[in-house]
Amino acid sequence: MSDSADDTGIKMVMAYIRPDKLGDVKQSLAEAGAPSLTVTNVSGRGSQPAKKGQWRGEEYTVDLHQKVKIECVVADIPAQEVVDAIQDGANTGEPGDGKIFVLPVESACQIRTSTTGPDAV
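Residues numbered from 1 in each chain as written. Predicted model: local features only at pLDDT ≥ 70, side-chain atom pairs only at ≥ 80, totals over all residues. Heavy atoms only, no water.

### Re the nonpolar core
Argument step 1. Ile17, Val25, Leu29, Val82 and Ile86 are the most contacted members of the largest nonpolar core, which has 18 residues in total.
Argument step 2. Contributing elements (two or more residues each) for this core: β1 (11–17), α1 (22–31), β5 (65–74) and α2 (79–90).
Argument step 3. Considering each element in turn, this core owes the most residues, 6 residues, to α2. (Core = buried A, V, L, I, M, F, W, Y, C linked by side-chain atoms within 4.5 Å. Buried < 20%, exposed > 50% of the residue type's maximum accessible area, 1.4 Å probe, protein only. Helix = DSSP H or I, 4+ residues; strand = E, 2+ residues; numbered from the N terminus.)

If you want it as structure tokens, here you go:
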């Protein structure tokens with residue numbers, strides 16, 4: 001991915017990846033210095049083709065694929081490094097590898113200490 005992510009301020013890097021690539025992505029993020037993340041199991045569809053199956057003689061189509069959503073909020077390391085780490089860990093070269101989005105974070109607050117801004121991340 002190109003260096004199009006503006007790395008000033010707090011950024012949320014959000015990615016949708018194959019569930020079986022989560023371990024590789026976690027390792028890649030840790031190596032990049034971004035070990036903190038939130039993981040959610042999700043379903044969705046995109047360019048990955050639908051799968052056909054049969055159950056009790058009836059054909060059905062599965063067009064929502066199981067994915068893992070990763071959210072990683074960063075302020076102390078460039079968002080592009082997080083994007084690169086996720087891309088390295090998640091890439092299989094096949095349709096359905098996923099997508100990565102970089103969003104600006106307006107503010108942050110650590111609940112325990114009331115710290116705000118980049119220090120809260």
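### Some details on the sheet that holds strand β2 (residues 38–44)
Argument step 1. Here we have 4 strands laid out as an open sheet, ordered β2-β5-β1-β6, and antiparallel in their pairing. Strands with a single pairing partner mark the edges of an open sheet, and in this sheet they are β2 and β6 (98–104). Sheet twist, expressed as the mean angle between neighbouring strand axes with direction ignored, is 20 degrees.
Argument step 2. Examined bridge by bridge, β2 and β5 share 7 bridges and lie antiparallel to one another. Bridge assignment links threonine 38 to a residue of β5, and that residue is glutamate 71.
Argument step 3. Along the sheet, α1 contacts β1, β2 and β5; its crossing angle with β5, the most-contacted strand, is approximately 10 degrees. (Pairing = 2+ DSSP bridges. Axes fitted to C-alpha atoms, helices over the stretch in contact; angles between N-to-C directions. Contact = heavy atoms within 4.5 Å.)

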